[in-house]
Amino acid sequence: MQIYFTRHGKTEWNKERRFQGMLGDSPLLPESMKELDLLGEHLAEVPFEAIYASTSQRARKTAETIASHLKQPAPIYYNDGLRELGLGKLEGQLIDEMSGVYPTELDHLRNRLDLYDPRVFAGKPLRTR
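Reference entry: report on the structure contained in this document. (Residues numbered from 1 in each chain as written. Predicted model: local features only at pLDDT ≥ 70, side-chain atom pairs only at ≥ 80, totals over all residues. Heavy atoms only, no water.)

### Overview of the overall build of the chain
For step 1, the next point in the chain: Along its length, the chain carries 5 helices and 2 strands.
For step 2, the next point in the chain: Expressed along its principal axes, the backbone C-alpha trace of the chain runs to roughly 50 × 35 × 20 Å.
For step 3, the next point in the chain: For the chain, the proportion of its 129 residues judged to be buried stands at 33%.
For step 4, the next point in the chain: Put simply, 66% of the contacts in the chain that link residues at least 6 apart link residues at least 24 apart.
For step 5, the next point in the chain: For the chain, the exposed surface amounts to about 8800 Å²; the carbon and sulfur share of it is 52%. (Helix = DSSP H or I, 4+ residues; strand = E, 2+ residues; numbered from the N terminus. Buried < 20%, exposed > 50% of the residue type's maximum accessible area, 1.4 Å probe, protein only. Contact = heavy atoms within 4.5 Å. Areas by Shrake-Rupley, 256 points an atom, 1.4 Å probe, with all protein chains shown as cover.)

Written out as structure tokens, the structure is:
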């Protein structure tokens, strides 16, 4: 079995350097749509059994665009469990500005997940088992 992973196309908020997260969902950029078409064309002959995507609009559009190029149709399954990490009050905010407000917490998010505590900005904690 082969598994393919792709990230959603680049969005307006990516370009503006804003946090997206679980609930923030900005539109895909026009150039992302062109890139997704190219990826779909590249994968057109792959006989996928299924496509799994987050329920966020940016992920849905990414999955649907790629799927539209496949020679053999594959069902798309959307799942809330695939949404990005909930970043609470950070969502929609500029990354550079919030890095000044929450320097320790954001450093831990990037570099020390064992110390990450999102409660200060009402974010969702990481799941631990």
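### Here's the deal with unusual backbone geometry
For step 1, the next point in the chain: The phi dihedral of Arg 17 is positive, around 60°, even though this residue is not glycine.
For step 2, the next point in the chain: Inspection of the secondary structure assignment puts Arg 17 in the loop between helix H1 (12-16) and helix H2 (30-42).
For step 3, the next point in the chain: Of the residues examined, Arg 17 reaches a relative accessible area of 42% and is grouped as partly exposed.
For step 4, the next point in the chain: At Ala 122, a residue that is not glycine, the phi angle is positive and equals roughly 60°.
For step 5, the next point in the chain: Following the sequence through the fold, Ala 122 ends up in the segment after helix H5 (103-111).

### Describing the layout of surface pockets
With a probe scaled to a water molecule rolled over the atoms, the places where space remains empty come into view.
For step 1, the next point in the chain: Taken as a whole, the largest pocket holds about 1100 Å³ of empty space.
For step 2, the next point in the chain: Of all the elements in the fold, those that place two or more residues in the lining of the largest pocket are strand E1 (51-54) and helix H3 (57-67).
For step 3, the next point in the chain: Among the elements that make up the lining of the largest pocket, the one with the highest residue count is H3 (5 residues).
For step 4, the next point in the chain: Class assignment for the residues of the lining of the largest pocket results in 18 nonpolar, 6 polar and 5 charged.
For step 5, the next point in the chain: Quantified by volume, the second largest pocket comes out at close to 540 Å³.
For step 6, the next point in the chain: For the second largest pocket, the lining is made up of 18 residues, of which Phe 19, Leu 87, Ile 95, Leu 109 and Arg 110 are closest to its centre.
For step 7, the next point in the chain: Looking at the lining of the second largest pocket, the elements with two or more residues in it are H1, helix H4 (95-101) and H5.
For step 8, the next point in the chain: It is H5 that provides the largest number of residues to the lining of the second largest pocket, a total of 3 residues.
For step 9, the next point in the chain: Considered class by class, the residues forming the lining of the second largest pocket number 9 nonpolar, 4 polar and 5 charged. (1 Å grid on protein atoms, 1.4 Å probe; cavity = no way out; pocket = protein on both sides within 12 Å on 5 of 7 lines; lining within 4 Å. Points joined across faces, edges and corners; volume = space filled by probe spheres on them. Nonpolar A, V, L, I, M, F, W, Y, C, P; charged D, E, K, R; others polar.)

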